[in-house]
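Secondary and tertiary structure notes
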Amino acid sequence: LASECQSVGIKGVTTKHARIEALLKRWLEADGVERALKQEARDAREAYLRSLAKPALRELCERAGVEVFVREVVVDRVLRCEAAAGLFKRPAQEADEAPSSKQPQEIGKKDVVQALLESEATRKAELERKKEEEEAVAQKKKELRAMSMEDLKKQLATRGREATGKKEELVDEYLEVLRREEAVAAKTAKLRAMSADGLKALMVSRGVEAAGTKDAMVSALVARDAEVAEKARRFAELLEEAAGQKKEELEA
């Protein structure tokens, strides 16, 4: 009571009864009764409106001339839903295997050593694969460097790519084009080896409409992967731009 009296500027009152009387008087002078009744009526009205079904609420809004879809509210809710769905996360390729309903088995004590050996073998195989890829890229780059500027430009132009810049830039651009073409070919072959049911399950898991022939499903999945790859490339560019801007701000 003492702190409440102090907050509204009531001073010189020491007893509990006097403080209550002073606060009550101040409350009445400030139309406290009317405001309390208004709040009570508003709370009751809000409870009633919340109990109504959506069609009834929409009808009330139309009769009152109230805009049902408030732009700011709708935009905020859509953005929150899209953020929760991962729309603004870094784009990433999904695995090509169809989702499995089997539960992972627990690894027993006797399986720990075997699991470690398998993990080490996988790691070594991955390192060897990367080494072979790097050697293949280096050899391919050497072959492209041996091409003339005119041939490089023709090859890029036939694939709809911009053929400008120095020779080394054209070599890097053409190498990237070939890398993407090889990746698409490998993915297409892998998807064609899957069963129709496996392709359908994969499409459903990725939110792609599963309809049509097997070739159509393969094409749809490859197209979606290309779209994700392009989004990832653009995302990387935005990250680089943002990092550059931040660096300039810090150096200023």
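One can find the structure itself at the top, above this paragraph.
These numbers come from a predicted model, not from an experiment. (Residues numbered from 1 in each chain as written. Predicted model: local features only at pLDDT ≥ 70, side-chain atom pairs only at ≥ 80, totals over all residues. Heavy atoms only, no water.)

1. Considering the pattern of salt bridges
Applicable threshold: Salt bridge, as applied in this entry: a Lys or Arg side-chain nitrogen positioned within 4 Å of an Asp or Glu carboxyl oxygen. Starting at the N terminus, helices and strands are each numbered in turn, a helix being any DSSP run of H or I of at least four residues and a strand any DSSP run of E of at least two. A simple rule labels every residue: compare its accessible area, found with a 1.4 Å probe on the protein chains alone, to the largest value its type can have, and call it buried under 20%, exposed over 50%, or partly exposed in between.
A full pass over the atoms with the stated rule returns 19 salt bridges. Among the salt bridges present, the one from R63 reaches E59, with a minimum N-O distance of 3.2 Å. A residue pair is termed a helical-turn pair when its members lie 3 or 4 positions apart in one helix, as R63 and E59 do in helix α4 (residues 54-64) at four residues. Residue R63 is classed as exposed on the basis of its relative accessible area of 60%. One network of salt bridges, with partners in common, ties together K141, R145, E168 and D172.

2. Comments concerning the packing of helix α7 (residues 149-158) against helix α8 (residues 167-192)
Note the cut-off: Helix axes are fitted only over the stretch in contact, all axes being lines through C-alpha atoms; the angle between N-to-C directions runs from 0 to 180 degrees. Helix crossings are classified by the rotation of the near helix relative to the far one: an anticlockwise turn of less than a right angle makes the crossing left-handed, while a clockwise turn makes it right-handed. In this description, contact between two residues means that some pair of their heavy atoms is separated by no more than 4.5 Å. Residues were grouped as follows: Ala, Val, Leu, Ile, Met, Phe, Trp, Tyr, Cys and Pro as nonpolar; Asp, Glu, Lys and Arg as charged; and all remaining residues, including Gly, as polar.
Two elements in contact, α7 and α8, have axes separated by 10 Å at closest approach and are oriented at 35 degrees. With respect to the hand of their crossing, α7 and α8 are arranged in left-handed fashion. In this structure, α7 contributes M149, L152, K153, Q155 and L156 to the contact, and α8 contributes K167, L170, V171, E173, Y174 and V177. Grouping the constituent residues of the contact of α7 with α8 by class yields seven nonpolar, one polar and three charged.

3. Points about the nonpolar core
Quick note on the threshold: Think of a nonpolar core as a cluster: buried Ala, Val, Leu, Ile, Met, Phe, Trp, Tyr and Cys residues, connected wherever their side-chain atoms sit within 4.5 Å.
Within the largest apolar cluster, ten residues are counted, these being L191, M194, L199, L202, M203, V208, M217, V218, L221 and V222. Elements that contribute at least two residues to this core include exactly α9 (196-205) and α10 (214-251). For this core, the element with the most residues is α10, which contributes four residues. In terms of nonpolar packing, the next biggest core, distinct from the first, is built from nine residues, L156, L170, L175 and V177 among them.

4. Some words on a negative patch on the surface
As a reminder, the rule being used: Only residues above 30% relative accessible area that lack a salt bridge enter a patch, with like-charged residues linked at up to 9 Å and the nonpolar side chains Val, Leu, Ile, Met, Phe, Trp and Tyr linked at up to 5 Å. All accessible-area figures derive from a Shrake-Rupley calculation using a 1.4 Å probe, and residue coverage is judged against the displayed protein chains alone. The sign given to each residue is positive for Lys and Arg and negative for Asp and Glu; His and the chain ends receive no count. The location of each charge is read from NZ of Lys, CZ of Arg, CG of Asp or CD of Glu.
There is a patch of like negative charges on the surface, built from E128, E132, E134 and E135. Structurally, E128 is set in helix α6 (residues 112-145).

5. Details of helix α5 (residues 71-84)
What counts here: Expected helix span is taken as 1.5 Å per residue step, with the number of steps being one fewer than the number of residues.
Helix length check: α5 (14 residues) gives 20 Å between terminal C-alpha atoms against 20 Å at 1.5 Å per residue, within 8%. Positive phi shows up at G86, right after α5, with a value of about 85 degrees.

6. A few points about a nonpolar patch on the surface
A surface patch of nonpolar side chains, about 320 Å² in accessible area, is lined by V68, F69, V74 and V78. Relative to the helices and strands, V68 resides in the loop between α4 and α5.

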